[in-house]
Amino acid sequence: MQVDVSLIVAAAGESKRFGEPKIFHEIFGRPLLFYTLYAFEKFKEISEIIVATRPEFVASVEEICSLIRKPAVVVEGGKSREESVANALKVAKGNYVLIHDGVRPCVSQRLISSILQELERYDAVIPALRPVETTLRASTEEVTRLNRDEILLVQTPQGFKKDLILTAVEKAGERLAEFSDESTLVMDVLGITPHFIDGDRDNIKVTFREDIAFILNKLIGEIRTGLGYDIHRLGVGRKLFIGGVHIEAPFGAVAHSDGDVLIHALIDALLGAAGLGDIGQHFPDTDPQYKGISSLVLLERTQKLLEQKGFWVLNIDSTVILEKPKLRPYIDQMKRKIADVLKMPAHRISIKGKRGEGMGSVGKSEAVEAIVNVLITKITQ
Ligand code: MG
């Protein structure tokens, strides 16, 4: 059977021990939930993402989903974890599901692959760890030794044939809220033993403040900066594009493409930071396919080149030097265009306008310039 998987992410927790909603805790400008979703992005078997969250978080979670390339929907969670998962199951289209905690951002590619692979042979696949510490049972009366070899610590993502987990949810009925995860639900209600595979020690469920230092260290690899500069001559009878936005002006940039000075400098900064050469090498202006092309298309291709190397953008700071008109009214729109192409939060993009003070080619409105500085990182997922 073809494995078509819906990823269900449980993100309706209260975060009582953490002090703020954990899924929104920002790490290098992106919410924790983003990192969790991003971990699944490369898997072709996963055709959709369904996030179950608290009603008051729906809009914010939708915004996080927009940073991910896979189709994603957000559903309202129920009072308990299992009720939230049940709501998500109602809209799941795949014949299999992976159910994952929204606050386990360090899930490894190896673990996800193993579960997907095992789902071809088993209807329920659960990752679990053996405890390393001595394990005791502490009741109110006495403390007794437990055989460590008989203990499993259960993690997510948990993989199921969708029909199986749907049957378990239906059969559980009123008892659904009793279960703290899906492995216990199917074992108890259906009386089956899932196939257990080795979990991952780093796949922690973020619970305490201290966990943030761990995931920071785990997720973020090397950090690099890049610098880009571009200048274009201005001429009448051309349209002026800056930051992907059409600027009302009596002149435009003279160029082979749309002459977007800011996007060109940004592309050079990104390529430079990633050690991938420069804009001329990747998109030569002698190539007819780039004639009049929107520079945002080139930016998107650049982003893909970086993504293939595991890089993504943390921060952009830029200055555009143009004598007139004033850029301020266009800046928010430019940020949104760039954020959309690079799949990054707009608040991590800075665009500043400057004048040439009547001096030199820029000051005489004969040219427009841009300088861009970027910070990129290699994500280690
Ligand atoms: Mg250029």
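Residues numbered from 1 in each chain as written. Predicted model: local features only at pLDDT ≥ 70, side-chain atom pairs only at ≥ 80, totals over all residues. Heavy atoms only, no water.

Student: Where do I start with unusual backbone geometry in this structure?
Tutor: A negative phi angle characterises most non-glycine residues, just as the trans form characterises most peptide bonds. Geometrically, the link from threonine 156 to proline 157 is a cis peptide bond, its omega value of 10° lying close to zero. Within the element layout of this structure, proline 157 appears in the loop between β10 (153-154) and β11 (158-161). Of note, the amide linkage connecting lysine 324 to proline 325 takes the cis form, showing an omega dihedral of 0°. Mapping proline 325 onto the fold places it in the loop between β17 (311-321) and α11 (328-342). Even without glycine at this site, phenylalanine 28 takes up a positive phi of about 50°. (Helix = DSSP H or I, 4+ residues; strand = E, 2+ residues; numbered from the N terminus.)

Student: Got a minute to help me understand the coordination of the magnesium ion in this structure?
Tutor: When a metal carries six donors in an octahedron, the ideal angles between them are 90 or 180 degrees, while four donors in a tetrahedron ideally lie at 109.5 degrees. For the magnesium ion, every protein donor is listed as Asp230 (OD), His232 (NE2) and His264 (ND1), and the spread of their distances is 2.1 to 2.2 Å. Mapped onto the sequence, the residues coordinating the magnesium ion show the spacing D-x1-H-x31-H. Separated by 32 residues along the polypeptide, histidine 232 in strand β13 (residues 220-236) and histidine 264 in helix α8 (residues 261-274) bring together distant segments of the chain. When sorted by exposure, histidine 232 lands in the same class as histidine 264, which is buried. (Donors = N, O, S within 2.8 Å, 3.2 Å for Na, K, Ca; no water. Buried < 20%, exposed > 50% of the residue type's maximum accessible area, 1.4 Å probe, protein only.)

Student: For this particular structure, what's the right way to read α11?
Tutor: Helical geometry: 3.6 residues make up each α-helical turn, so side chains three or four residues apart lie on a common side. For α11, with 15 residues, the first-to-last C-alpha span of 22 Å sits near the 21 Å given by 1.5 Å per residue. Considered for burial, the residues of α11 that qualify are Tyr330, Ile331, Met334, Ile338, Ala339, Val341 and Leu342. Structurally, α11 contributes buried residues whose contacts are with β14 (240-242), β15 (245-247), α8, α10 (295-308), β17 and β18 (349-354). (Expected span 1.5 Å × (residues − 1). Contact = heavy atoms within 4.5 Å.)

Student: Explain the sheet that holds β13 to me, please; I cannot follow it from the model alone.
Tutor: Note on sheets: strands pair through backbone hydrogen bonds, and any given pair is parallel or antiparallel. With respect to topology, five strands assemble into an open sheet ordered β16-β13-β19-β17-β18, the strand pairing being mixed. If you trace the sheet from one side to the other, it starts and ends with β16 (251-254) and β18, each paired once. Put simply, the sheet's adjacent strands are angled 25° from each other on average, direction ignored. The sheet contact formed by β13 and strand β19 (residues 367-379) spans twelve bridges and is antiparallel. Opposite arginine 233, over in β19, you have alanine 367 as the bridge partner. With respect to the sheet, α8 is in contact with β13, β17, β18 and β19, its orientation differing from that of β13 by roughly 150°. Each of β17 and β18 is contacted by α11, which is oriented at about 145° to β18, the strand it contacts most. (Pairing = 2+ DSSP bridges. Axes fitted to C-alpha atoms, helices over the stretch in contact; angles between N-to-C directions.)

Student: Mind showing me how you'd approach the pattern of salt bridges here?
Tutor: Side-chain pairs of opposite charge can arise whenever the charged atoms involved come near each other. For the coordinates displayed, the defined rule picks out 17 salt bridges. Among the salt bridges present, the one from arginine 54 reaches glutamate 56, with a minimum N-O distance of 3.4 Å. Linking glutamate 178 and arginine 175 is a salt bridge whose minimum nitrogen-to-oxygen distance equals 3.4 Å. (Salt bridge = Lys/Arg side-chain N within 4 Å of Asp/Glu carboxyl O.)

Student: Looking at this structure, how should I read α10?
Tutor: Taking 1.5 Å of rise per residue, 14 residues should cover 20 Å, and α10 covers 20 Å from first to last C-alpha, within 8% of that figure. Residues of α10 that are buried include every one of Ser295, Leu296, Leu298, Leu299, Thr302, Gln303 and Leu306, and no others. Down the axis, α10 shows its buried residues gathered within 150° of arc, on one side only. On its buried side, α10 packs onto α8, β17, α11 and β19. Phi for glycine 310, located one or two positions after α10, is positive at around 85°. (Arc of directions from axis to C-beta.)

Student: So what exactly am I meant to see when it comes to a nonpolar patch on the surface here?
Tutor: Where nonpolar side chains cluster on the molecular surface, the patch consists of Leu227, Tyr229, Ile231 and Ile371 and spans about 390 Å² of accessible area. With three residues, the single largest contributor to the nonpolar patch is β13. Assignment of secondary structure puts isoleucine 371 in strand β19. Overall, the relative accessible area of 39% leaves isoleucine 371 in the partly exposed class. (Patch = residues over 30% accessible without salt bridge, like charges linked within 9 Å, V, L, I, M, F, W, Y side chains within 5 Å. Areas by Shrake-Rupley, 256 points an atom, 1.4 Å probe, with all protein chains shown as cover.)

Student: Any chance you could explain the pairing of strand β7 (residues 124-129) here in plain terms?
Tutor: Successive side chains on a regular strand alternate, one facing one side of the sheet and the next facing the other. Most of β7 is tucked away, with six of its six residues classed as buried. Of the two faces of β7, the one carrying Ala124, Ile126 and Ala128 and the one carrying Val125, Pro127 and Leu129 are both buried. Relative to β11, β7 runs antiparallel, the two being bridged by two bridges. Directly across from valine 125, in β11, lies its bridge partner glycine 159. Note: β7 against strand β12 (residues 195-198), four bridges, orientation parallel. Bridged to valine 125 within β12 is histidine 195. Sheet analysis places β7 next to β10, joined by two bridges and oriented antiparallel.

Student: Would you mind showing me how to read the pairing of strand β5 (residues 72-76) here?
Tutor: Examined bridge by bridge, strand β4 (residues 46-53) and β5 share five bridges and lie parallel to one another. Along β5, the bridge assignment pairs alanine 52 with valine 75.

Student: What is the right way to read the layout of surface pockets from this model?
Tutor: One way to see where empty space is left: roll a probe the size of a water molecule over the atoms. Its volume calculated, the largest pocket comes out at about 710 Å³. What lines the largest pocket is a set of 31 residues, and nearest its centre among them are Ala12, Gly13, Glu14, Ser15 and Lys205. Within the residue set of the lining of the largest pocket, elements represented by two or more residues are β1 (5-11), β4 and α3 (81-91). Residue composition of the lining of the largest pocket, grouped by class: eleven nonpolar, ten polar and ten charged. In this structure, the second largest pocket encloses a volume near 290 Å³. Along the wall of the second largest pocket there are 16 residues; nearest its centre are Glu63, Ile64, Ser66, Leu67 and Pro345. If you list the elements that add at least two residues to the lining of the second largest pocket, you get α2 (58-65) and α11. In terms of residue count, α2 provides more of the lining of the second largest pocket than any other element does, three residues in total. Among the residues making up the lining of the second largest pocket, the classes are represented as eight nonpolar, four polar and four charged. (1 Å grid on protein atoms, 1.4 Å probe; cavity = no way out; pocket = protein on both sides within 12 Å on 5 of 7 lines; lining within 4 Å. Points joined across faces, edges and corners; volume = space filled by probe spheres on them. Nonpolar A, V, L, I, M, F, W, Y, C, P; charged D, E, K, R; others polar.)

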